[in-house]
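Given next are the chains, with one letter for each unit.
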Amino acid sequence: MTTTDPLAPFQWLDVSENDGGGPLDVIFSVAFFRGLDPVEVVRRFSRGEDSGQESDFDELGDKVDEFVNETDGGDGGGYVGVFQAGEWCVAIEPYGWMATSHEVVTRLSQGCEVLAVTRHDYAADHSFAYAIDGAHVTGYRLRCPYERYGSDPDRLNGLMRELGMGLDKPEDDAAWEAAWEDNHDNAVPRGFALAAKVTGVPFTPDMLGRPMLVGPIKER
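For every chain, the first residue of the written sequence is number 1, and numbering continues from 1 onward in sequence order. Under the rules for a predicted model, residues below a pLDDT of 70 receive no local features and side-chain atom pairs below 80 are neither given nor counted, while totals for whole chains, interfaces and linings still include all residues. Processing note: side-chain calculations cover all non-hydrogen atoms of the structure and skip hydrogens and water entirely.

Participant: It is not clear to me how the overall build of the chain should be interpreted in this structure. Could you clarify?
Facilitator: Of the regular secondary structure elements, the chain holds six helices and eight strands. Ordering the α and β elements of the chain from the N terminus gives β-α-β-α-β-β-α-β-β-β-α-α-α-β. For the radius of gyration, the atom set is restricted to C-alpha positions; the globular benchmark scales as 2.2 Å times the number of residues to the power 0.38. Against the globule reference of 17 Å for 220 residues, the chain gives a C-alpha radius of gyration of 17 Å, in line with a compact fold. Here the C-alpha coordinates of the chain stretch approximately 50 × 40 × 40 Å along the principal axes. Taking as baseline every contact in the chain between residues at least 6 positions apart, the subset at least 24 positions apart corresponds to 62%. For the area figures, the Shrake-Rupley method with a 1.4 Å probe applies, and any residue is considered shielded solely by the protein chains shown. Of the roughly 10,400 Å² of accessible surface on the chain, 45% is carried by carbon and sulfur atoms. Counted as positive: Lys and Arg. Counted as negative: Asp and Glu, with His and the chain ends omitted from the count. Note on charges: their place is set at NZ of Lys, CZ of Arg, CG of Asp or CD of Glu. Here the chain holds 18 positive side-chain charges and 40 negative ones, and the gap between their average locations is 6 Å. Per the convention used, a helix needs a DSSP run of H or I reaching at least four residues, while a strand needs a run of E reaching at least two, with both numbered from the N terminus. Any two residues whose heavy atoms approach within 4.5 Å at even a single point are treated as in contact.

Participant: Help me understand the sheet that holds strand β1 (residues 27-34), please; the structure alone is not making it clear to me.
Facilitator: Taken in spatial order, the eight strands line up as β2-β8-β3-β4-β1-β5-β6-β7 in an open sheet, and their pairing is antiparallel. The sheet terminates laterally at β2 (53-55) and β7 (135-141), the two strands that pair on one side only. Across the sheet, the mean angle from the axis of one strand to that of its neighbour is 20°, orientation sign disregarded. Sheet topology places β2 next to strand β8 (residues 212-216); three bridges connect them, and they run antiparallel. Bridge assignment links glutamate 54 to a residue of β8, and that residue is leucine 213. Those strands touched by helix α1 (residues 38-45) are β1, β3 (79-85), β4 (88-94) and β8, and its axis lies near 155° from that of β3. Of the strands in this sheet, β1, β4, β5 (113-120), β6 (127-132) and β7 touch helix α6 (residues 187-199), which is tilted by about 170° from β5. Two strands form a pair only when DSSP identifies at least two bridges running between them. Between N-to-C directions, angles cover 0 to 180 degrees, with each direction set by a line fitted to C-alpha atoms, over the stretch in contact for helices.

Participant: Can you walk me through a negative patch on the surface in this structure?
Facilitator: Taken together, the side chains of Asp56, Asp58, Glu59, Asp62, Asp65, Glu66 and Glu70 define an acidic patch exposed on the protein surface. As for its placement among the helices and strands, aspartate 65 is situated in helix α2 (residues 57-71). The buried label applies to any residue whose accessible area, calculated with a 1.4 Å probe on protein chains only, is under 20% of its type's maximum; exposed applies above 50%, and partly exposed to all values in between. With relative accessibility at 46%, the residue aspartate 65 sits in the partly exposed group. Patches here: salt-bridge-free residues with over 30% relative accessible area, like charges joined within 9 Å, nonpolar side chains (Val, Leu, Ile, Met, Phe, Trp, Tyr) joined within 5 Å. The salt bridge criterion pairs a side-chain nitrogen of Lys or Arg with a carboxyl oxygen of Asp or Glu, the two atoms within 4 Å.

Participant: Would you explain empty space enclosed by the protein in this entry?
Facilitator: Grid spacing is 1 Å over the protein atoms alone, the probe is 1.4 Å, and a cavity is where that probe fits but cannot get out, while a pocket is an open set with protein on both sides within 12 Å along at least five of seven lines and lining residues have an atom within 4 Å of a point. Grid points are joined across faces, edges and corners, and a volume is the space filled by probe spheres set on the points. Tallying each qualifying case throughout the model produces one cavity of 30 Å³ or more. Taken as a whole, the largest cavity encloses approximately 30 Å³ of empty space. The wall of the largest cavity is formed by Phe128, Thr138, Tyr140, Arg148, Pro153, Arg155, Leu156, Asn157, Met160 and Leu194. Among the elements of the structure, β7 and α4 (157-162) are those that each provide at least two residues to the lining of the largest cavity. Here the residues of the lining of the largest cavity sort into six nonpolar, two polar and two charged. In the scheme used here, Gly and all other residues not listed as nonpolar or charged are polar, with Ala, Val, Leu, Ile, Met, Phe, Trp, Tyr, Cys and Pro taken as nonpolar and Asp, Glu, Lys and Arg as charged.

Participant: Help me understand the side chain of glutamate 113 in this model?
Facilitator: Its place among the elements puts glutamate 113 in strand β5. Judged by relative accessible area, glutamate 113 falls into the buried class, the value being 11%. At 2.9 Å, the side chain of glutamate 113 and the side chain of arginine 34 are in polar contact. A 3.5 Å cut-off defines polar contacts: any pair of N or O atoms within that distance qualifies, except that in protein one atom must be a possible hydrogen donor and the other a possible acceptor, and neighbouring residues in sequence count only when both atoms are side-chain atoms. A polar atom in the side chain of glutamate 113 sits 2.5 Å from the side chain of tyrosine 130. When sequence neighbours within four positions are dropped, the list of residues in contact with glutamate 113 reads Phe32, Phe33, Arg34, Trp88, Tyr130, Ala131 and Ile132.

Participant: I would appreciate a short explanation of the environment of phenylalanine 10 in the present structure.
Facilitator: Mapped onto the fold, phenylalanine 10 is located in the segment before β1. Linking phenylalanine 10 and glycine 191, residues 181 residues apart in sequence, is a C-alpha distance of 9.0 Å. In contact with phenylalanine 10, other than residues within four places in its own chain, are Pro189, Phe192, Ala193, Ala196, Pro202 and Phe203.

Participant: Which parts of the structure should I look at to understand the layout of surface pockets?
Facilitator: Using a probe with the size of a water molecule, rolled over the atoms, empty space left in the structure can be pinpointed. Of the voids in this model, the largest pocket is the one considered here, and its volume is about 250 Å³. What lines the largest pocket is simply Pro23, Leu24, Asp25, Ile27, Phe57, Asp58, Gly61, Val64, Asp65, Val68, Pro94 and Tyr95. Broken down by element, the lining of the largest pocket gets its largest block of residues, six residues, from α2. Taken together, the residues of the lining of the largest pocket break down into eight nonpolar, one polar and three charged.

Rendered as structure tokens:
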């Protein structure tokens, strides 16, 4: 009997910095929107100031590099690229982490559904956020699935268990060590596998080759 590893399709999102970091490097967010088109997603990230320009992933990367060089990287990547994927839009935020912040995801989700995953190796704080119509439903740090928060923190527990996540908070030193060992190396692939279960949209490398709308991120 052969088994399929549900995390295998998402290992490309967890390449170490020593191995080049992968096409998105080691800091990025990916958000999934249901109920909005790409133009409106860009407008929400830009606070209504921009509707996006037709572009591609390479040009998005160039804009991000320029923004990071100008700001020393403290304000994220400054740009987002958005495209349609079935019923959902996918928004890629290279060198950014805005989409999973509580304030941002609740604002982005007004009148729609948003799920976002962030990898941030430097902060060691990979995160997951799920919001519907302005309410932060559930979220967790990817390495700590037993510390969930939100208006309905247990909403996705069944899917999380299917991916092997331990949802009970460790009670002693041995349990803490076991939880760390279990979650440390698989956190990012599990986060994207969970996103795929919720949205039905696996985030695959070929998506980076799609045409997209690129626009600025305005947070203040």
